[in-house]
Amino acid sequence: MAATEHDLGHEEWTRVHSSPEFTRLRRRLRGFVFPMTALFLGWYLLYVLLADYAHGFMSTKLVGNFNVGLLLGLLQFVSTFLITGLYVRFANRKLDPVADRIREDIEEEAR
């Protein structure tokens with residue numbers, strides 16, 4: 001059975017949260033999430049600002065009635081899926097092994 005916060009006391013959880021391994025896990029997570037969030041929000045803000053203030057540019061036709069605004073709007077979805085895929089790959093390679101080790105250590109101590 002997996003150890004939960006209810007199974008371990010406050011002191012044990014405090015020790016785990018302040019451990020070097022858990023600190024490294026948080027740092028790795030933040031090292032990916034914060035820059036990627038800033039990048040995506042910047043990209044989205046650029047899209048919104050262009051849509052609001054650059055009507056001529058956004059209405060530039062590329063093929064038929066397909067214009068720059070539609071292309072950039074569709075690329076918002078593409079970038080969301082791309083970021084999700086990058087995060088899953090990053091988590092599988094860099095976060096999950098460390099989290100698994102921490103969980104195993106907690107479960108060993110709970111027995």
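## Quick notes on the side chain of serine 79
In this fold, serine 79 is placed in helix α4 (residues 68-110). Only 2.8 Å separates the side chain of serine 79 from the backbone oxygen of glutamine 76, close enough to count as a polar contact. If we ignore the near neighbours within four places in the chain, the residues touching serine 79 are Phe40 and Trp43.

## A look at a positive patch on the surface
A cluster of basic side chains, namely Arg28, Arg89, Arg93 and Lys94, defines a positive patch on the protein surface. If you tally residues by element for the positive patch, the top one is α4, at three residues. Of note, arginine 93 is situated in helix α4. Residue arginine 93 is classed as exposed on the basis of its relative accessible area of 54%.

## A word on α4
The largest bend in α4 is about 45°, located at alanine 91. Looking at where α4 begins, the residue whose side-chain oxygen comes 3.2 Å from the main-chain nitrogen of glycine 69 is asparagine 67.

## Brief notes about the nonpolar core
As a rule of thumb, nonpolar side chains are buried together in soluble globular proteins. Ranked by size, the top nonpolar core spans 12 residues in total: Trp13, Val16, Phe22, Leu25, Phe32, Met36, Phe90, Ala91, Leu95, Val98, Ile102 and Ile106. Within the residue set of this core, elements represented by two or more residues are α1 (10-17), α2 (20-53) and α4. Looking at this core, the element that brings in the most residues is α4, giving six residues. Look past the residues within four positions of isoleucine 102 in its chain and what remains in contact with it is Val16, Glu21, Phe22 and Leu25.

## Notes on the packing of aromatic side chains
Taken as a whole, this structure holds two aromatic pairs when the rule is applied. Here phenylalanine 32 and tyrosine 87 contribute two aromatic rings whose centre-to-centre distance is 5.7 Å and whose plane-to-plane angle is 50°, an arrangement assigned as tilted. Residue phenylalanine 32 is located in helix α2, and its partner tyrosine 87 is located in helix α4; the two are separated by 55 residues in the primary sequence. Summarising the aromatic geometry, the rings of phenylalanine 32 and phenylalanine 90 are spaced 4.7 Å apart at their centres and angled 15° between planes, so their arrangement reads as stacked. Within this pair, whereas phenylalanine 32 is found in helix α2, its partner phenylalanine 90 is found in helix α4, the two being separated by 58 residues in sequence. An identical accessibility class is assigned to phenylalanine 32 and phenylalanine 90; each is buried. Members of the aromatic cluster, connected to one another through ring pairs, are Phe32, Tyr87 and Phe90.

## Quick notes on the UniProt feature "transmembrane region" (unreviewed entry) in the chain
UniProt marks residues 32-50 and 70-88 with the feature "transmembrane region" (unreviewed entry), using the numbering shown here. Annotated as 100% helix and 0% strand, the span residues 32-50 places its first and last C-alpha atoms 27 Å apart. Along residues 70-88 one finds 100% helix and 0% strand; the C-alpha atoms at either end are 28 Å apart.

Parameters and conventions
Residues numbered from 1 in each chain as written. Predicted model: local features only at pLDDT ≥ 70, side-chain atom pairs only at ≥ 80, totals over all residues. Heavy atoms only, no water. Helix = DSSP H or I, 4+ residues; strand = E, 2+ residues; numbered from the N terminus. Polar contact = N/O pair within 3.5 Å; in protein donor to acceptor, adjacent residues only side chain to side chain. Contact = heavy atoms within 4.5 Å. Patch = residues over 30% accessible without salt bridge, like charges linked within 9 Å, V, L, I, M, F, W, Y side chains within 5 Å. Areas by Shrake-Rupley, 256 points an atom, 1.4 Å probe, with all protein chains shown as cover. Salt bridge = Lys/Arg side-chain N within 4 Å of Asp/Glu carboxyl O. Lys, Arg positive; Asp, Glu negative; His and termini not counted. Charge placed at Lys NZ, Arg CZ, Asp CG, Glu CD. Buried < 20%, exposed > 50% of the residue type's maximum accessible area, 1.4 Å probe, protein only. Bend = angle between axes of the 7 residues up to and from the residue. Core = buried A, V, L, I, M, F, W, Y, C linked by side-chain atoms within 4.5 Å. Phe/Tyr/Trp six-rings, centres within 6.5 Å; stacked < 30°, edge-to-face > 60°. UniProt positions renumbered as here; feature names shortened; annotations may be inferred.

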